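Per-entry structural report
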Amino acid sequence: MNLLGKMDSKKIKKIVNIIDKREPVVILTHSNPDGDAVGSSIALGLALRKSNIPVNIIIPDAIPVFLEWLPGNDLITIHKDNQSAVTGMLSEAKIIFCLDFNDPDRINAVGEMVKQSAALKVLIDHHRDPSDFADITYSEPWRGSAGEMIYLFIKKVFGNDILDKDIATALYVAIMTDTGNFRYGCSYPEIFHIAGELMQFPIDKDEIYAKVYENFSADRMRLMGYCLHHKMVVLPEYNTAYIALSSAELRRFNYRKGDTEGFVNIPLSIDGIRFTALFIEKRNIIKVSFRSKGNFPANEFAEKHFNGGGHLNAAGGELKDSMKECIEKFVNLLPEYEEALGKA
Ligand code: 5GP
Ligand code: MN
């Protein structure tokens, strides 16, 4: 595999050569995108647009409501709603940047088109074990966010002067959201140096926090209360807690996309709890999110038992089984991990 590592200048040159010709660029990110996915994509998109390079950002399914305010969101096209436009963009593109995902399977039908495209594919990501589909793979799994990598990449390709308040805002959103507002996955100085540089533009970090995290509906707050009061199951013998929500329960609280975002983290603040799961019933699957504290590898658990993956402390997956079967599977696996959960 062609690992870019420390942004090797030969490979950067290959990218710059295409960009300098003002050839069309596509930026792609994963389905059900989070702040890192959208923030990183918009930051790179804005840097390209500022350099007069034709650029489109493609998102497979939808942009979450809490990110709609981001400057530069007009660069985004949603594949589900504009399939023919996306097909055109991908066929014209000379470079496809794949951000914040490690496998084309994470981008549904768009993944197939990417695999078949003749464009130079550049993967910039912080998930472990990237699959070998890109021409240039820039993988740094130790980082808390892809946003940091995009920050370094933008400076390297376009120079320091390209950065501005809008780009800094998008990058700050990427880093802030993937580290839970600098709570996890960011115990190294560089991420704070980067955040410090972004602050100089000047961005308003409190306003950004409020726009992302304090925009909930009353229904969402009630759903959260219902989850914690009626649905949270605590298994102290395994230092584990889980919540399961059926689609009927979601309907009862007028569920809107993104409403269950963050629920999986809440039981982690119970003293002693080191592993949490959130099961959500979707049309024909159960989507599962996992969070852990310390060394307990949520990603290995997700990969081995729930067709998923992710990071050490934040992972997810899905099963085609019923909710009851999923929960049984989860609970029955815990004894196998009793020791690891005890010392995590
Ligand atoms: P979330 O729980 O917020 O949906 O996802 C947390 C992290 O878990 C994501 O950033 C992603 O790395 C990983 N993840 C979530 N769902 C899946 C999945 O279905 N497959 C894989 N491979 N990773 C997932
Ligand atoms: Mn990320």
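All residue numbers refer to positions counted from 1 along the written sequence of the respective chain. For naming, the first written chain is A and the first written ligand is 1, with later ones following in the order written. Predicted model: local features are reported for residues with pLDDT of at least 70 only, side-chain atom pairs are reported and counted for 80 or more only, and whole-chain, interface and lining totals are derived from all residues. Values shown for side chains rest on all heavy atoms present in the structure; no hydrogens or waters enter the calculation.

**What about the sheet that holds strand β4 (residues 95-99)?**
Worth spelling out the cut-off: Paired strands, as defined in this entry, are two strands with at least two bridges between them according to DSSP. Helix and strand definitions follow DSSP, with helices as H or I runs of at least four residues and strands as E runs of at least two, each counted in order from the N terminus. Fitting a line to C-alpha atoms yields each axis, with helices limited to the stretch in contact; the angle taken between N-to-C directions then spans 0 to 180 degrees.
Judged by pairing direction, the sheet is parallel, and its 6 strands sit side by side in the order β3-β2-β1-β4-β5-β6 without closing on themselves. Two strands close off the open sheet at either side, each with one partner strand: β3 (76-78) and β6 (136-139). Here the average twist between neighbouring strands, direction ignored, is 20°. Taken together, the 5 bridges between β4 and strand β5 (residues 120-125) define a ladder with parallel strand orientation. Paired with Ile 95 across the strands is Leu 120, a residue of β5.

**What about the coordination of the manganese ion (ligand 2)?**
What counts, and what does not: For Na, K and Ca the donor cut-off is 3.2 Å, while for other metals it is 2.8 Å, and in both cases only N, O and S atoms qualify; water is not among them, so sites may look incomplete. Note on classification: 1.4 Å probe, protein chains only; a residue is buried when its accessible area is under 20% of the maximum for its type, exposed when over 50%, partly exposed between these limits.
For the manganese ion (ligand 2), the full set of protein donor atoms is Asp 36 (OD), Asp 100 (OD), His 126 (NE2) and Asp 178 (OD), at a range of 2.1 to 2.3 Å. All donors of the manganese ion (ligand 2) come from a single chain, and their spacing in sequence reads D-x63-D-x25-H-x51-D. Taken together, the positions of Asp 36 in helix α2 (residues 35-50) and Asp 178 in helix α6 (residues 165-178) put the pair 142 residues apart, joining distant regions of the chain. Assessed through its relative accessible area of 0%, Asp 36 is described here as buried. According to the relative accessible area criterion, Asp 178 is buried, its value standing at 16%.

**Section: the environment of Tyr 226**
Stated precisely, the cut-off is as follows: When checking whether two residues touch, look at their non-hydrogen atoms; a contact exists if any pair is within 4.5 Å.
Looking at where Tyr 226 falls in the secondary structure, it is placed in helix α9 (residues 218-231). Residues Tyr 226 and Glu 249 lie 23 residues apart in sequence; the distance between their C-alpha atoms is 9.6 Å. Tyr 226 has contacts with Lys 231, Leu 245, Glu 249, Arg 252 and Phe 253, leaving out every residue within four places of it along the chain.

**So, the site of ligand 1**
Test applied: Definition of nearness: a residue and a molecule or strand are near each other if at least one heavy atom of the residue lies within 4 Å of the molecule or strand. Between N or O atoms, a polar contact is any pair within 3.5 Å; within protein, one atom must be a potential hydrogen donor and the other a potential acceptor, and residues adjacent in sequence are included only when both atoms are from side chains. Amino acids outside the nonpolar list (Ala, Val, Leu, Ile, Met, Phe, Trp, Tyr, Cys, Pro) and the charged list (Asp, Glu, Lys, Arg) are all regarded as polar, and Gly is one of them.
In the vicinity of ligand 1 lie 13 residues, with His 127, Lys 287, Ser 289, Arg 291 and Ala 315 positioned nearest. A distance of 3.0 Å separates an oxygen atom of ligand 1 from a polar side-chain atom of Arg 291. Counting residues per element, the ones that place at least two in the shell around ligand 1 are β10 (286-292), β11 (309-310) and β12 (314-319). Of all the elements, β12 adds the most residues to the shell around ligand 1, at 4 residues. Looking at the shell around ligand 1, its residues break down into 2 nonpolar, 8 polar and 3 charged.

**Brief notes about the nonpolar core**
Rules: Within this scheme, the nonpolar core is defined by two criteria: the residues are buried Ala, Val, Leu, Ile, Met, Phe, Trp, Tyr or Cys, and they are joined through side-chain atoms within 4.5 Å.
Residues Leu 44, Leu 48, Phe 97 and Ile 154 are the most contacted members of the largest nonpolar core, which totals 61 residues. Sort the elements by how many residues they give to this core and α6 lands first, with 8 residues. Filtering out sequence-adjacent residues up to four positions away, Leu 48 remains in contact with Ile 19, Val 25, Ile 27, Ile 53, Val 55, Phe 97 and Phe 158. Residues Ala 277, Ile 286, Phe 296 and Met 323 belong to the second largest nonpolar core, which totals 25 residues.

**Some points on the domain arrangement of the protein**
Here is the rule: The source of the domain bounds is an automatic or database domain assignment. Accessible-area loss on putting two parts together, using a 1.4 Å probe and summing over both, is the definition of buried area adopted here.
Domain boundaries assigned for the protein yield domain 1 (3-212) and domain 2 (218-342). Once you take the C-alpha centre of each, domain 1 and domain 2 turn out to be 28 Å apart. Contact residues are listed per partner, giving 6 residues for domain 1 and 7 residues for domain 2. Carbon and sulfur atoms make up 47% of the area that domain 1 and domain 2 hide from each other, which totals about 790 Å².

**A closer look at the pattern of salt bridges**
Here is the rule: Definition used for salt bridges: Asp or Glu carboxyl oxygen within 4 Å of a side-chain nitrogen of Lys or Arg.
Counting across every chain of the model gives 14 salt bridges. Asp 164 is the partner of Lys 50 in a salt bridge, and the nearest nitrogen-oxygen pair spans 2.9 Å. One end of the pair, Lys 50, is in helix α2; the other, Asp 164, is in the loop between α5 (146-158) and α6, with 114 residues separating them in the sequence. Taking relative accessible area as the criterion, Asp 164 reaches 23% and is therefore assigned partly exposed. Lys 231 is paired through a salt bridge with Glu 249; the nearest N and O atoms lie 2.7 Å apart. Placement of Lys 231 in helix α9 and of Glu 249 in helix α10 (residues 247-252) is noted, with a sequence separation of 18 residues between them. The network of salt bridges with common partners includes Glu 140, Arg 143, Glu 148 and Glu 190.

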